[in-house]
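Below, each chain spelled out in residue letters.
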Amino acid sequence: MGDDWIAVMQKEKRLKLDVSDTFTHYAIVVALLIVPCVILYDLSSLYIFHNYTGNDSAIEMCEEGLPWIILAIIACLIQIRALRFREFRIKQSVANFNEAVERTAKQLEWRIEKNNSHFARARRGWNWEGSWGEMITIIRTDDCFLINSICDPSQRPSFTSYGWNRKNVKKFFKI
């Protein structure tokens, strides 16, 4: 992750993911769209290729697919929202920032990947509490912090962190 990505994230206040992490992050949306895709295939067999052999009418197929589409839209909105940074207006020195990252990492068993004067990235691995792990990103500016914790996109796709994302953010600011 280069300084250009950090600048973009700081400007947009959104976490930027590479292609494979983006796919993992949105995997739940893709999974929810499998049923509507099968229904779309059946509809094309019915109306375009005229070789549909099923028993459902077009209206029944649409009624069956609609709940899946609604769930996929809701999941997509949740995943988009998860990429937003939370902003905290706090002035803090570089030394205090690095110390807070180190202490939080020790308490919550984060594995620090990068920690410098303006950026920290850490991951918390799997444990017995249900989460596959989280990726924590913190950007420090002169007058604020931007922080984000999401289910780790380098692990198995996960739709919930069982409260760990919130805990990661709260614990960092209690330090």
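Thresholds applied
Residues numbered from 1 in each chain as written. Predicted model: local features only at pLDDT ≥ 70, side-chain atom pairs only at ≥ 80, totals over all residues. Heavy atoms only, no water. Salt bridge = Lys/Arg side-chain N within 4 Å of Asp/Glu carboxyl O. Buried < 20%, exposed > 50% of the residue type's maximum accessible area, 1.4 Å probe, protein only. Core = buried A, V, L, I, M, F, W, Y, C linked by side-chain atoms within 4.5 Å. Helix = DSSP H or I, 4+ residues; strand = E, 2+ residues; numbered from the N terminus. Contact = heavy atoms within 4.5 Å. Phe/Tyr/Trp six-rings, centres within 6.5 Å; stacked < 30°, edge-to-face > 60°. Lys NZ or Arg CZ within 6 Å of the ring centre and 35° of its normal. Pairing = 2+ DSSP bridges. Axes fitted to C-alpha atoms, helices over the stretch in contact; angles between N-to-C directions. Arc of directions from axis to C-beta.

Peer 1: Just to check I follow, could you spell out the pattern of salt bridges for this structure?
Peer 2: Side chains that differ in sign of charge can pair as their charged atoms come close. Inspection of every chain in the model, using the stated rule, returns eight salt bridges. We note a salt bridge from E113 to R111, for which the minimum N-O separation is 3.8 Å. On the basis of relative accessibility, which here comes to 48%, the residue R111 falls in the partly exposed class. Here the salt bridges do not stand alone but share partners, grouping K13, E87, R89 and D143 into one network.

Peer 1: Would you take a moment to explain the nonpolar core for this structure?
Peer 2: Nonpolar side chains tend toward joint burial in soluble globular proteins. Core analysis: the largest hydrophobic core is formed by 16 residues, its most contacted members being M9, L15, L17, L83, F85, I139 and I150. Those elements that provide at least two residues to this core are α1 (3-12), α3 (27-32), α5 (58-82), β4 (134-140) and β5 (145-151). With sequence-adjacent residues up to four places away left out, L83 is seen in contact with K13, R14, L15, L17, H25, Y26, N148 and I150. Residues V101, L108, F145 and W164 belong to the second largest nonpolar core, which totals 15 residues.

Peer 1: Would you mind showing me how to read the packing of aromatic side chains here?
Peer 2: Each aromatic ring pair is summarised here by two numbers: the centre-to-centre distance and the angle between the ring planes. Counted by the stated rule, this structure contains six aromatic pairs. Site record: aromatic cluster; members linked through ring pairs are F88, F97, F145, F172 and F173. One Lys or Arg, K167, reaches over the ring of W164 and ends 4.3 Å from the middle of that ring.

Peer 1: Looking at this model, I keep getting lost on the sheet that holds β4. Mind explaining?
Peer 2: The strands making up a sheet associate through backbone hydrogen bonding, with each pair oriented either parallel or antiparallel. Taken in spatial order, the five strands of this open sheet run β1-β5-β4-β3-β2, and their pairing is antiparallel. Two strands lie at the open edges of the sheet, namely β1 (86-88) and β2 (110-115), each paired on one side alone. For this sheet, the mean inter-axis angle between neighbouring strands, taken without regard to orientation, is 20°. When β2 meets strand β3 (residues 119-124), the two strands line up antiparallel, connected through five bridges. Paired with N115 across the strands is A120, a residue of β3. Seen against the sheet, helix α6 (residues 94-108) touches β2, β3, β4 and β5 and runs at an angle of roughly 155° to β2. Each of β1, β2, β3, β4 and β5 touches helix α7 (residues 164-174); the most contacted strand, β5, lies at about 150° to it.

Peer 1: Is there a simple way to think about the pairing of β4 in this case?
Peer 2: The side chains of a regular strand alternate, first on one face of the sheet and then on the other. In terms of burial, β4 is a largely internal element, seven of the seven residues being buried. Residue alternation in β4 divides its side chains into two sets, E134, I136, I138 and R140 and M135, T137 and I139, and both sets are buried. Summarising the sheet, β3 and β4 pair through six bridges and their orientation is antiparallel. Paired with R124 across the bridge in β4 is E134. Relative to β5, β4 is paired through seven bridges, and the arrangement is antiparallel. The partner of I139 across the bridge, within β5, is L146. As consecutive antiparallel partners, β4 and β5 are separated by four residues.

Peer 1: Is there a simple way to think about α7 in this case?
Peer 2: Counting along an α-helix, one turn takes 3.6 residues, and residues three or four places apart therefore face a common direction. Considered for burial, the residues of α7 that qualify are W164, N165, N168, V169 and F172. One side of α7 carries all its buried residues, which in axial view fall inside an arc of 145°. Turned more than 90 degrees away from the buried face of α7 sit R166 and K174, all of them exposed. Tucked inside the fold, the buried residues of α7 contact β1, α6, β2, β3, β4 and β5.

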